[in-house]
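# Breakdown of the fold
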Amino acid sequence: MSGNRDDVLRIGHLVFWGGEGSDGFFIDAEGFEGWSDAPNTRTEEVNLDDGDGSYDSTEFYEPRIITVSGLCIAGSAERLEHWRNQLFTVLQGRKQIFGNYQGARQFVYGRRFGQPKFQTIVPGSLARYQFQIRCANPRKYGERVPTTVTGPNQSQSIYHRGNFNAYPTLIVRGTMPSYRIEGPNSTWQIARAVTPSTPHTIDNFSGVLYENGQVPLSSITSGVGWSFPPGRIFETHRLIPDSGSGTLETVLYDTFI
Amino acid sequence: MWTYFIHETTTGIRRQQVKVTGGSFSTRMSDIGSGEHELVVADSGLNRAQWLELVHPWANTLVQCWNGRPVYAGLLQGYKVNRKTRTISVRHKELRLLLNRRFPFRVGTRLQEGHWIVRDKSLRGVITELVRVGLARPDGGDGWNVPLGIPAGSEAGNSGTTLFNWDFTTIENGIAEVEDRDGGPDVHFDPRYVGAGQLEWELKIGNPRIGGLQFDYVMNVAEPRLFDVTSEADGTEMLTGVFTIGKGSEKDMRVGEAGLVQLPVRPKPIPFLDSSRPYKEVKDIPELNGHGIAELKRHGAPTVQWEMKTLTTGDVGADQLRLGSRIRQRYEGDWWEGTRTIDHYLIGMRGTHEFPLVLETQELEGL
């Protein structure tokens, strides 16, 4: 990194700066990999029995691996040790990681990967650090897409400004014994009652319905969920109550790879 | 895309979509297929009690779908919790296994002198009635019946069967006996979704083969849609004559037979191969002879079994191929097959959580 002092990366309360400074973590000129890059690709190779090459089978992205390295600068040995401890504190568990890079604010979910390093170069003032983050879900998320909360049988117009399939989370409120949600190529059929105190949250990424943080069994009777490919506006997205009334809120982020 | 669901066995209602890290299944006509899957517990949002409810043996059925359509459904048989990988691996078997555990009577309703009889039906009709008493009784109540797509009546004809209460013949053995008769139909329970996403098993009874759509495959092209094709001939079970041993013992034992008097010369004569087969529940000599003829037809020549792979992502997805489908292979100038068309009958499928699907077929010619 060079030039302006930008907060390139945030994990928890810790900031990794671009540019230069005198206290904290700074990212090297070539010390930020895997963020702009696409993740590695995997494919299931099936060779042709009696011909050149292999079958044209579908390819997928592997988890995203982000590598961050640079210098940690401090005014004293105690301060340097403080930064070291802070680094290994924020690298615990699954983290939401915010990036601010090339004019885009995006976030990923990831965990530490490999061996994080913190090696003192000049005792009391300078250390070199390096760590990797593995994002099991390789997607990067941007701004939340503005959507409107709609009533029964009212269709929503959905689009996003990312470059990859975006999975919406659906929040259903109201009073209904059962209902359906119609998406672009599937329909959720829900056999569980919604009440004002038990709204439903349906995660299209995992196909799980949550009710106050719990997952009630036998609530989804059919449907496999859907995602929104980029660059298109979808007009079919609505709540259809079997009886009663309710609203549908769609939570969706610009989704990138 | 493969997706996986757990359904309640007796109602067919979907309980939960689950994620798997690995798994395999096999389904086979007139047989009991099985499988095993590793379910991901981490991040499922379900607690321990809910998981234990979901993996409870027999109560639940795992369904593997391609593009939302069931390809395989297995009744859970057991599970193994792996603390290290945070997964639960479940074992399961196809619905027909349940017929192994069903008699025509239930505990508390059996009379020693009684019997269950069906007559004046076709072989297909007899099987329909057997399945009805095993899985879809009008007086079945909760826990006996499973959701079945089964015809309302049953086909008339001049066959029948009797299951005596003192014999403890299971419904499965009753069905297998009818399948083994001369002209006995193939039987398959094909899983499908009906109504609001309920699982149901469609009872398919052949005539004698189960009907199905035909899929054409041109084999001698650069990228054939079928690959890893093998054909295997097995003569272990071959017969030239057979005695079918029926009811009774010693001198009073009923015995049927069927056999060749002269040996077929193809391309060299094979030696005489006689065998005996038990049909202990049968007392009618003509029926025993019929079983003998059926055995002879089945085992007069080596069994030729084909296996081939296809990619589920191809033009014909795993959801379209059903047991009973016809697979037509067209060879032209092939190093082994020359130029000919081979019609196959799809009798089995094996798959994993990945794309290649193994098809097991029999040549239709001469069958």
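No experiment lies behind these values; they were computed from the predicted model shown. (Residues numbered from 1 in each chain as written. Chains lettered and ligands numbered in written order. Predicted model: local features only at pLDDT ≥ 70, side-chain atom pairs only at ≥ 80, totals over all residues. Heavy atoms only, no water.)

### Brief notes about the pattern of salt bridges
Residue and element names in this part refer to chain B.
- Evaluated as defined, the whole model comprises 31 salt bridges over all chains.
- Arg350 is the partner of Glu360 in a salt bridge, and the nearest nitrogen-oxygen pair spans 2.7 Å. Of this pair, Glu360 sits in strand β23 (residues 356-363) while Arg350 sits in strand β22 (residues 338-352), and the two are 10 residues apart along the sequence.
- Note on Glu360: relative accessible area 7%, which makes it buried.
- Where salt bridges share partners, they join Arg28, Glu307, Arg350 and Glu360 into one cluster. (Salt bridge = Lys/Arg side-chain N within 4 Å of Asp/Glu carboxyl O. Helix = DSSP H or I, 4+ residues; strand = E, 2+ residues; numbered from the N terminus. Buried < 20%, exposed > 50% of the residue type's maximum accessible area, 1.4 Å probe, protein only.)

### Notes on the sheet that holds strand β13 (residues 187-190) of chain A
Residue and element names in this part refer to chain A.
- Spatially, β16-β13-β12-β17 is the arrangement adopted by the 4 strands of the open sheet, whose pairing is antiparallel. The open sheet has two edge strands, β16 (220-222) and β17 (238-241), and neither has a second partner. With strand direction ignored, the average angle separating the axes of adjacent strands in the sheet is 25°.
- Where β13 lies against β16, 2 bridges are found, and the strand directions are antiparallel. Looking across to β16, one finds that Ile190 is bridged to Ile220. (Pairing = 2+ DSSP bridges. Axes fitted to C-alpha atoms, helices over the stretch in contact; angles between N-to-C directions.)

### Some points on the domain arrangement of chain B
Residue and element names in this part refer to chain B.
- Its domain assignment divides chain B into domain 1 (2-93), domain 2 (99-205), domain 3 (214-234 + 303-366) and domain 4 (241-299).
- On a C-alpha basis, the centres of domain 1 and domain 2 stand 26 Å from each other.
- Tallying the contact residues gives 22 residues for domain 1 and 17 residues for domain 2.
- Between domain 1 and domain 2, roughly 1400 Å² of surface is buried when both sides are summed, and carbon and sulfur atoms account for 62% of that area.
- The largest share of the area that domain 1 buries against domain 2 comes from Thr10, Ser30 and Pro70, three residues that together contribute 31% of it.
- Taken together, domain 1 and domain 2 are joined by 0 salt bridges.
- Taken together, the links from domain 1 to domain 2 amount to 4 residue pairs in polar contact (both at pLDDT 80 or more).
- For the side of domain 1 that touches domain 2, the secondary structure elements donating two or more residues are β1 (2-8), β3 (20-28), β5 (60-66) and β6 (69-82).
- Looking at the side of domain 1 that touches domain 2 element by element, the count peaks at 5 residues for β6.
- Considering only residue class, the side of domain 1 that touches domain 2 consists of 12 nonpolar, 9 polar and 1 charged. (Domains from an automatic or database assignment. Contact = heavy atoms within 4.5 Å. Buried area = accessible area lost by both parts, 1.4 Å probe. Polar contact = N/O pair within 3.5 Å; in protein donor to acceptor, adjacent residues only side chain to side chain. Nonpolar A, V, L, I, M, F, W, Y, C, P; charged D, E, K, R; others polar.)

### Points about the domain arrangement of chain A
Residues and elements named next belong to chain A.
- Once the domains are mapped, chain A shows domain 1 (8-138) and domain 2 (142-256).
- Computed over C-alpha atoms, the centres of domain 1 and domain 2 are 33 Å apart.
- Contact residues are listed per partner, giving 5 residues for domain 1 and 5 residues for domain 2.
- Of the roughly 430 Å² buried at the junction of domain 1 and domain 2 (both faces included), carbon and sulfur atoms supply 64%.
- Our enumeration of links across domain 1 and domain 2 arrives at 0 residue pairs in polar contact (both at pLDDT 80 or more).

### Regarding the interface of chain B and chain A
- Every contact between the two is made by 27 residues of chain B and, on the other side, 27 residues of chain A.
- Summed over both sides, the interface between chain B and chain A buries roughly 2300 Å², with carbon and sulfur atoms accounting for 53% of that surface.
- Considering only the side of chain B, the residues that lose the most area to chain A are Arg14(B), Gln17(B) and Phe355(B), jointly responsible for 24% of the buried surface there.
- Where chain B packs against chain A, one counts 0 salt bridges.

### Brief notes about the environment of Gly31(A)
All names here are of chain A.
- Relative to the helices and strands, Gly31 resides in strand β3 (residues 24-33).
- Here Gly31 falls in the buried class, since its relative accessible area comes to 1%.
- A sequence separation of 38 residues divides Gly31 from Ser69, and the C-alpha atoms of the two residues are 4.6 Å apart.

### Here's the deal with helix α3 (residues 123-135) of chain B
- Here α3(B) spans 18 Å end to end across 13 residues, near enough to the 18 Å set by a 1.5 Å rise per residue.
- Of all 13 residues that make up α3(B), 12 are buried, and the element is covered over most of its length. (Expected span 1.5 Å × (residues − 1).)

### Here's the deal with the sheet that holds strand β11 (residues 169-175) of chain A
Residues and elements named next belong to chain A.
- What the 4 strands build is an open sheet, ordered β15-β14-β11-β18; its pairing is antiparallel. Each edge of the open sheet is held by one strand with a lone partner, namely β15 (208-211) and β18 (245-251). Direction aside, neighbouring strands of the sheet carry axes that sit 20° apart on average.
- With 7 bridges connecting them, β11 and β18 associate as antiparallel partners.

### Concerning unusual backbone geometry
All names here are of chain B.
- A cis amide bond links Asn207 with the next residue in sequence, Pro208, at an omega value of -10°.
- Looking at the element boundaries, Pro208 is found in the loop between β12 (198-205) and β13 (214-218).
- The backbone phi angle of Trp58 is positive, close to 65°, even though this residue is not glycine.
- Tracing the sequence through the fold places Trp58 in the loop between α1 (48-54) and β5.
- The residue Arg86 is not glycine, and still its phi comes out positive at about 55°.
- Residue classification places Arg86 among the exposed positions, given a relative accessible area of 58%.

### Digging into the packing of aromatic side chains
- Throughout the structure, instances matching the rule amount to 29 aromatic pairs over all chains.
- On the numbers, 6.5 Å between centres and 70° between planes, the contact of Phe25(A) with Phe118(A) is edge-to-face. Remark: Phe118(A) occurs in strand β8 (residues 104-122) and Phe25(A) occurs in strand β3; sequence separation between them is 93 residues.
- Since its relative accessible area comes to 0%, Phe25(A) is described here as buried.
- Ring geometry for Phe107(A) and Tyr109(A): centres 5.8 Å apart, planes at 85°, overall edge-to-face.
- Exposure remark for Tyr109(A): the relative accessible area of 29% places this residue in the partly exposed category.
- Among the aromatic residues, those joined into a ring-pair cluster are Phe16(A), Phe25(A), Trp83(A), Phe118(A), Tyr129(A) and Phe131(A).
- Between Arg102(B) and the ring centre of Trp144(B), over which it is positioned, the NZ or CZ distance is 4.1 Å. (Phe/Tyr/Trp six-rings, centres within 6.5 Å; stacked < 30°, edge-to-face > 60°. Lys NZ or Arg CZ within 6 Å of the ring centre and 35° of its normal.)

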